[in-house]
Each structure stands twice: as C-alpha cells, then as structure tokens.
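Working through the structure, step by step
One letter stands for each residue in the lines below.
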Amino acid sequence: MAHEINFCNVETGWHNALPLGNGKMGAMVYYRDRRLCIALNQYDCYYGLAGTVFEDPARREKTLKEMEASVLKARKEADYDRSHYLRTLAPDKDEGRPVYSGGSYPQGGEVILPFSEEVDGEISLLSLSVEEARVRFRAGGADRRVEAEIFAAEADGIVIRLSQTCESLWGEIGIWRQEARGQEQYTYDLKKEENRLVMRCGLRQERAEEKETAFVQETAVFFPERGEKMTVTASVQPGKDKARQLSERLWRESEEADKAHRARWKRFWKSRVFLPDGYLETLWHLYVYLMGCCSGEGSSHIGQACGLSGLWDIRRPCMWGSMWYWDVNIQTAFYGAFASNHMEQAKVFCEGFLSYREEIYRFAERIYGKRGWAPDYPHPLYHCIQPWCALFLWKYYAYTKDKEFLEKKAYPVFVEILDFYREISEIDEKGIRHLAYDICPEQGPVAEDTVITIAALKELTVCALKAAAILQRPQEEIGRLQGLLDEMPDYALTKTGERWKDSGMASDNLFLRHPSVLMPVFPAGEVHMASPPHLRRLADNTIRYAEKNTETGTFGFSWIASAAARMGAGESAVRILYERGLDFMTHSNGLGYEESERFINFCHLTKPANYLPVMCEMAGGVTETVNLLLLQETDGVLCLFPALPDGKDSFAEIKTQYQCDEKYLSAGYGPWTECGFEGLLAPGGFEVSAKMQEGRVSRIRIYCKADGVLRLRLPEEFAKEAERARFARLAGNALEKDGFQVFEKQVKAGEELSFGKETASGREVMFGEKGCGRAEAADMGFRLEGRAVLPAVLTHRAAHTRRRTFIGENEDTAFYKAVDSMVCPYGFAEKLRYGMTPYVFDFTEDKGKNYDDAYERQVLEAGRTVLHAGGPRPTGAGNYLPDIGYGFFPAGGREIRIKRRSGPDSLRRDFAEGGGSAFFGVGLPAGKYDILVISGDEKEQSVTHLAVPGSGLTYTGKVQKAGRYQCRLMPVMHERDGILAIRIDTNPGLKWKLNAVFINKEYMIL
C-alpha cells in the first residue's frame, strides 16, 4: 500500500511543508497565498561556514586539572547531589538573566510559482507520495487548472514539471529570500534574465577580509519554455556560477533525471511494515523516507551527516543550527537505519564519526595533555559519547559482516577508546575501576561512574572481545580486554535497590533530561526480555521511573519506548510513543518538532520566537521502536514479533482516583493480530519477512546476505512435532533453548529459507496491496450532501490531552484544531496548561445533542481527580436576558433565524443567521478572554464579519463557500464588568452565520 500525505483545499506553510531530498540537497514544498513555494537547502552550502564564521575564538576549554579543582571544591558543599554540572565546572560564571538570540546561517532561495486569479485557489491538493519521493500539486477547476510535479534529482537539483489548461495561468517565476534577523553579515544579489534567475550570497567585505576568500553560494532557477507544459529546474550550490550551470544541464537532462529518480527510490524501498495502526505505519515509512532524503550521503561535509535537523533547517533564525550534536541527537537520528535495511545510511554515520579522529586527538591533548581517542569528545567529562558512537561501528559489522571494515576501521577505534579509559580511570582496593569525574549528558552532578557511561563502555568492551576473536588477535590482547571488562563497576542503584539511577552521587529522585539510566537496556542491549529475573526487574522499574520523570522532547520518548520494546512490553512501547511524544510534537506533515500548536519544549520557554525546524532524532527513534516491536535479536537468536501490543500495559499506572474516570486519560493500543513486515535486516545479515494473521504467524522468509549461522526462535505454530520433518528438509535443527524451540542452520550468502504454507507454485505472495488486512486509514473526508469525498487525512486522538493530531489536512482540520485549542490542555514544557471554558454556545434549537463527533467533553486533571467542564449550551435566536446573561441584540429590528443542515457534525450543522448587523452579548466580569467564533453553512456561501467594539477589535471575514467554515480566534481584554458584545455583520446580498462561540477565561482583572 502506498503512503501519502495530503493537504486538500487548504493552505500550508513552512511549519508543515513537505520534504524532498537526494541525501544532501533538498527542498520543503508548501502552498500559500496563491503561490507554490519550494524552499531549497544544500549541505555543501549550509556547512560551508561551519567552524569559521560561527566559531568563538575567545572560547577556551578548561584542562582536566582545572575542572578537577572546581569539582573537588563543589563536592564539599551540602546537597552536592543536586548541583548542576555547569555551575560546578564554572562556579564564578553568573549569567544573571541571559539574553538568547539564535543562529542565522546563509539562506538558500525559495522558488516561487504564483498562479492567476482566474484559478480557484480554494480547490487544491498538495500531496507527498512517500514511496515515489514526489510532491504533486493542483489547484482550480476543470477549465482553469494548474498542476505541478516536483522531485529532487540525484544531480543536486530540483525538477518541477508544470502544466496549465491555458498558457496564462502560471505567473512569473521568482526567487524569494526571507528577511530575518542575524543576516547582517551576508550580502545577497538577485539577477533576473529572460529565462533564468540567480541569487548569490556572500560575506560582507569586512567579514570576507578575515578569510582567504569570501564564501559564495548561489541559488539558480532555469525556465526557458512557456506553454501548457513546462519544465523548471533549480539548484543551490557553493561557489560562483555552479548552480546556474547545474540547473541548465539538469533542464536538458530532465527526462534522464526522472528515470534515475524512479530507479533510485525503487531500489530504496528494501523494507516495509504492515501495521493495524495506519497512523504509525505511515509515520514509519515517512521517517525512513525522511532519512533517505537527508542522511548526508554524498556530502563533502561527512563530519556533519544529517545534523540535528537535516536539510530542513531553512527558516532563520533557528535556535540550535543543524550540526552534528553528540550527546544523543545524532545517535538517535540513525538508530532506525540498521533494521530498516539502509546500511548506506549507517555507513554515512560511521564515516562521519571516523572523520573526527584527528580532532579528537587534539582535544585529548588540550584537555588531558596526552594523545589518544578521548571518550568525552567534544564535551569534557561526557565520557559516554565516544563509546556510544563507536557501538555503531560494531553494529555496521554485525549487520553487514564486512570483516575488512571491522579489522581496519572499527576494531582499532574500540582499542583506542578503551585504552584511554584505562588511562584516565583508577582501580580501587577491590580491583574495581572508576571514572572519578563523569557527567551524564545535560543532567545531574559531576559524578563518578554514571550508568550511561559504564553501560556504553561495557558494551563496547564486549564488542571488542567479539571482534578480537573474529580477527584472531593475540591471546594477550584478548585477555587484556577481558580484564578490563572484569574491572567495570556495577551500575548505581537507589537506596532501596529497586532500580538504576544516574550515579552513586546523584539523588534517587533525579529528574532526567536524558533517560540515560536505560542505556543497559537500550541501546547497549545488555539487559533484555530474556535476561535473568533480577535484571528484568531492575530494567522494568527503571523504565517506569524514566517514563514519569524524563523531560518531554524529541528523543527521550522513543528511547524509553525502545527500552520497553526490548523488554517485550509492546503495549507500553506504543503508548509511550504516542502519549510521551507523537501526541505533542508531530505537525500535520507527520514530522517531529520541538514546538507545535499542542506543545513547546522546555528549552524554548525563555528564548525569542525562533523558527524551530524538523528534528531528525524523532524520525530515527520512532522508526527503531517500531522495528523492535517486529524483530529483535537476543543472545544471537532472532525473535519474530517479540513485542507486539497486546492490550496489557506492563508499565501503566492508575492515573485517576476513580475508576470511571480512567477512560478519559488512557487508551488501549492492542492487540495487533494482523501485521507483518518485509525486508527488515537482522544482525548476521539476515533479511527477514514475516506475516501474522489472526494472531498466528503464517509465513516467514529469510534471505541470507552473508555466510553464518542462523538461529531463529520458532513461533509456537512452527514448533510442533509435525514441523520437524520440514526443518530436516531445510538441513537445520530444531533445538530446545530457554524453553523455546530454536531453529539452527549453517547458511551461505544468497540462500533463502521459507517457513509456513506454500502455494502450488512453490511460493506464496506474502503481502498484497493492502498489506496484512490492516484497518484502512481514518478518512476525514465526508460523503454528505454538497460535500465531496476528500483524500484521506489520518487522525489520532491523544489519550491524555484529548487533542487530535493529523497527518495531512483538509477543509475541516482547522475546525477540529481550533476547538481542541479551546477545550484541551496545551503541553507547556513539563506541565499541562488547561483552558477555562465557562461558555460554549451552540446556536441550535436541539436540546438533546451528543457532541462526540465534534469534540469530547473537556477534561481537567488536578492530581488524581478529573473534572468535566465546558459543556455546550443550546442557544436560540432569543434576545439578551439579564436573568441568563447572554443573547442577541438585533440591530434595526432585523430577524435572526436558527437553521439546521444534515452535517457536517453536531456543532456545525445548526447555526444562527442574519442579513444585517447584530450583536451577541455575554455578561462577564472584567478580564482577559479568548473567543472562538465558528461560522459557515453546508449549503450556501456566506461571509461573517466580527468585531468587539468595546475592545477595539475588528475582523473582516472572507466569503466562505458552501461547506467551508471560518474559525476566528479573538483575544479580548474586557476592561469593565458587564456585557461583552460581539458584533456580527455581512456583505450586501449575503448572510452571516453563527454556528458556535467558545469563550475561555485567561484571568480576571481584580
């Protein structure tokens, strides 16, 4: 089944733009104000100034001895376990009230494709075909229509195929540059020619003199033809004239570029998943696609790979800048590459990591006064970073069996990191080795032996021992590694011994910026569902703690969910994905951000209103969690469907005081009885496909990409005595291991094994067009009178906040978002900020409505008590009565009527209407209020102008077609006790409509 993201009959923006890319160059496509916009970015441009213009020459790192002195002094103070590591290392630095700004890198241009007023811009479709890696756009009706098809060519350019029903509809092509703060150090020059646009960016002269040459990047658009069908090409490149030349060449070779693009993406899709959860299935494919677009493959800046935000850091200024962030972000971005069968992406990570060798050596000399592979580069005392990244080198070998890579690249790094660890650590009287100064990234005190560091080092030592055996290293070398492993300390435990904690020096109840305490479970993988009971108990308790006490952000939730999946708790893993991440951070393009209309991350609360781009770590983390639900390796044995959601949440806790309220704050996600996957990769180079029907595994296929030993834990339905003869035919053995039947066989590269029913032709088609019979995606289109069937828009209702999240949008999405913004809580960092909704007026004569199709009851949570609030008030066309405190004030005696339609839902189907001015008044105390007014009609067009004269507010409405609804949010300062009057008006010959009015109280004026 193909996966699409559709925006039907709505405008979009940079915040939900659709991504395109070829690995190192790409675009984000959106539609607004009768213009199709294609914002370009290119790694070789973006990273062209990395480490030069943005480097702070005054910054000096402290040496180890200087840091030790600060730490020893701080450790003498009371409550050291609650100290902040930055203040410990720099006690004299008092930032007071810091003023934040943000990064503003050189801008690539946005290609602007406007179209004529003759085209009906309210009839439109902007769509991303994920598997095809193409964006398609159309606007207008049959006789006046424009269309476009856009893809990112392998030759570092964008190809745009335009068509129109007559030559005058597409307008003059342009290049737009955002005017933004922080751009004063650059110059921009735009030149227009008959069939070409070129915008050059360089450093201002005073900055250019500081460098050998002024940096130049160029955005070029080429469009030599006009007609009903046209091809436009664009590129952004470093250096003078390169983008111009490339865009011209790409235009001449656009047909070949199209064929190459189709072939590339056909090769790309080596794996697929089929889930009963269409929302999560779509996200998996979208996130795999996203990393294919922006992995960094082919970039000259291999040390940046996809960076923090990939190609999508386009608007300026942003908060962080899309560089390689070492303390969790870059690792998480690439987690999903391995099992998703994209070793080309894993290779990008490995090459990027290895490119820092000389810089790491220089860091070691500056900080420690010795040469070697310092485990804490680039953040002093974050000793988990380098062993954590080095584990990717072992994973690359484990999945490819590339022995040359292991011998020449991976193993030497393992040894260097572990040798440096041996030098900077000390052995106590019991023979246990300790790191006296160690920091879990971004949290806790400067401690000793943090769990995250020891787990990463321990796993790296285990990998080094495996590598040494494979490479037949000298026994003395192997013994030295084994000795180091034996000297590793135990993980720090809480006082009760029930779970791991950050470190022995940290508080038992430390709030976690990173769920670092889960490193032994994920990603290190030391503890898993088949571990001894006491380890499983520690892991389970730690997961429960981490879920409740980790900052909400774009990487932590998937880390916790992956750990839950490793422990076999699939129901918990999916709940955590949704309730701790996706419910807050997805935009309607499906991608993850640190801010949405539902949430803002803790890090941005005191920062200026910067543009917050896509975060690639969310894509990699969610992909890996889904992979772990479907396929895992534990102790060398492959397990199929090891952690499917089953409706039983292992880590859920009672959330409310009363049982009847529990349903409002929780939801079930399983059981998954119909699902499957195709082409997932497992360690050993095994490409695995499997299908489950009616809760039973019906088919397994394994393709062996390398020589080795296959060990497969057999599902119960394949472990019966009757199947033994089949295993014998496959020349394998069915062995008993830990109470399970394990199939074991020596295999050769190119060999394929199949388990399950065979067709007469000898081979069964595993998956049809609709996958494993999963439920169709929720369709937000309608089939009511006067309303067309719209393309599918996926929707998910958050279990805890009750807000709806969408993949794609249509003409109804804005209504649902607006209603949810009034009656559902907003994720303000680590707290839910609830609205107070004393009034919801539904203009109807129907007193017995059920509003569940429009919005669920408002839920307010205080501790473990739930309050239901904000119920709609059926409101007729009656005049204002002091007794009830609300009603109409008709102007000039004009009639106000209540009308009813058949749809689209209980709240919008009824409305008040009038042909002249009227006032709707509500008696309110003085205060600040947010007012949402819904207006529209399913059968006829309307226009509704709104004003709040007492507050000086006027809003001119747009003409709404039949079936379209205006959702106007008005912030109002009501300065005097008394009637707050909303004036409603319309255009001559038309009517205003008033479907509903929501009033939220922000605060009183006392």
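These notes cover the structure that comes with them. Here the structure is a predicted model, which means the values were calculated and not measured. (Residues numbered from 1 in each chain as written. Predicted model: local features only at pLDDT ≥ 70, side-chain atom pairs only at ≥ 80, totals over all residues. Heavy atoms only, no water.)

Topic: the overall build of the protein
Counted only if it meets this: For helices the rule is a DSSP run of H or I covering at least 4 residues; for strands it is a run of E covering at least 2, with both sets numbered from the N terminus onward. Throughout, radius of gyration means the C-alpha value; the globule benchmark is 2.2 Å times the number of residues raised to the power 0.38. Only protein chains enter the accessibility calculation, which uses a 1.4 Å probe; a residue whose area is less than 20% of its type maximum is buried, one above 50% is exposed, and one in between is partly exposed. Note on contacts: a residue pair is in contact if any heavy atoms of the two residues lie within 4.5 Å. The method behind every accessible area is Shrake-Rupley, applied with a 1.4 Å probe, and residues are considered shielded solely by the protein chains displayed. Positive charges come from Lys and Arg alone, negative charges from Asp and Glu alone, with His and the N- and C-terminal ends not counted. Where a charge sits is defined by one atom per residue type, namely NZ (Lys), CZ (Arg), CG (Asp) or CD (Glu).
Tallying secondary structure elements over the protein gives 20 helices and 47 strands in all. For the protein, the C-alpha radius of gyration of 30 Å lies close to 30 Å, the compact-globule estimate for 1006 residues. With the C-alpha coordinates aligned to their principal axes, the bounding extent of the protein is approximately 100 × 80 × 70 Å. A burial count over the protein gives 59% of its 1006 residues as buried. When contacts within the protein are restricted to residue pairs at least 6 apart in sequence, those whose partners lie at least 24 apart make up 69%. Approximately 40,200 Å² of the protein is accessible, and the part contributed by carbon and sulfur atoms is 48%. On the protein, the mean spot of the 130 positive side-chain charges and the mean spot of the 144 negative ones are 1 Å from each other.

Regarding the pattern of salt bridges
Note the following rule: The working definition used for a salt bridge is a side-chain nitrogen of Lys or Arg within 4 Å of a carboxyl oxygen of Asp or Glu.
Scanning the entire structure with this criterion turns up 72 salt bridges. Between Arg371 and Glu365 there is a salt bridge, with its nearest N and O atoms 3.5 Å apart. One salt-bridge network, in which partners are shared between bridges, spans Glu895, Arg897, Lys899, Arg901, Glu913, Asp937, Glu940, Lys991 and Lys993.

Overview of a nonpolar patch on the surface
Going by this rule: Like charges within 9 Å and nonpolar side chains (Val, Leu, Ile, Met, Phe, Trp, Tyr) within 5 Å are joined into patches, using only residues over 30% in relative accessible area that form no salt bridge.
Together, Phe602, Leu605 and Phe828 make up an exposed nonpolar region whose accessible area comes to about 250 Å². Relative to the elements of secondary structure, Leu605 occurs in the loop between strand S19 (599–600) and helix H18 (616–630). Judged by its relative accessible area of 32%, Leu605 is partly exposed.

Some remarks on unusual backbone geometry
Here the residue pair Phe522 and Pro523 is connected by a cis peptide bond, since its omega of 5° sits within 30 degrees of zero. Here the amide bond leading from Gly903 into Pro904 is cis, since omega sits at 10°, within 30 degrees of zero. Mapping Pro904 onto the fold places it in the loop between strand S38 (897–900) and strand S39 (910–914). Positive phi values are uncommon outside glycine, yet Phe641 reaches one of about 45°.

Details of the packing of aromatic side chains
We describe a pair of aromatic rings using the distance from one ring centre to the other and the angle between the two ring planes. Operational definition: Planes of paired rings set the category: under 30 degrees apart is stacked, over 60 is edge-to-face and the rest tilted, where pairs are Phe, Tyr or Trp rings (Trp by its six-membered ring) whose centres lie within 6.5 Å. In our convention, an over-ring charge means Lys NZ or Arg CZ found within 6 Å of a ring centre and within 35 degrees of that ring's normal.
Going through the model one piece at a time under the given rule, you end up with 52 aromatic pairs. Ring centres 5.4 Å apart and planes at 65° place the aromatic pair Phe641 and Phe677 in the edge-to-face group. Of the two residues, Phe641 is situated in the loop between strand S21 (637–640) and strand S22 (675–682) and Phe677 in strand S22; the sequence distance between them amounts to 36 residues. Residue classification places Phe641 among the buried residues on the basis of a relative accessible area of 9%. The cationic tip of Arg908 hangs over the ring face of Phe815; the distance from NZ or CZ to the ring centre is 4.0 Å. Sitting over the face of the ring of Tyr965, Arg908 holds its NZ or CZ atom 4.7 Å from the ring centroid.

Things to note about H18
Note the threshold: The length a helix should cover is 1.5 Å for every residue beyond the first.
Along its 15 residues, H18 runs 22 Å from first to last C-alpha, staying within 8% of the 21 Å computed at 1.5 Å per residue. Counting buried positions along H18 gives 15 out of 15 residues, so the element sits mostly inside the fold.

A closer look at the sheet that holds strand S46 (residues 992–994)
The condition that has to hold: At least two DSSP bridges between two strands are required for those strands to pair. Here an angle of 0 to 180 degrees is reported between the N-to-C directions of two axes, which are lines fitted to C-alpha atoms, with helices fitted over the stretch in contact.
Read from one edge of the open sheet, three strands run S38-S39-S46, paired in antiparallel fashion. In this open sheet, the two strands that pair with only one neighbour each are S38 and S46. For this sheet, the mean inter-axis angle between neighbouring strands, taken without regard to orientation, is 35°. Note that S38 and S39 share four bridges and pair antiparallel. In the strand pairing of S39, Ile898 is matched with Ala912.

Some remarks on helix H14 (residues 475–486)
In plain terms, the rule: It is the directions from the helix axis to the C-beta atoms that the arc portrays.
For H14, built from 12 residues, the straight-helix expectation of 16 Å at 1.5 Å per residue is met to within 8% by its first-to-last C-alpha distance of 16 Å. The set of residues buried in H14 consists of Ile478, Leu481, Leu484 and Leu485. Buried residues along H14 cover an arc of 120° about the axis, so they all sit on one side. Counted as exposed and oriented over 90 degrees from the buried face of H14: Gln475, Glu476 and Asp486. On its buried face, H14 sits against helix H12 (403–424), strand S17 (433–434) and helix H13 (451–470).

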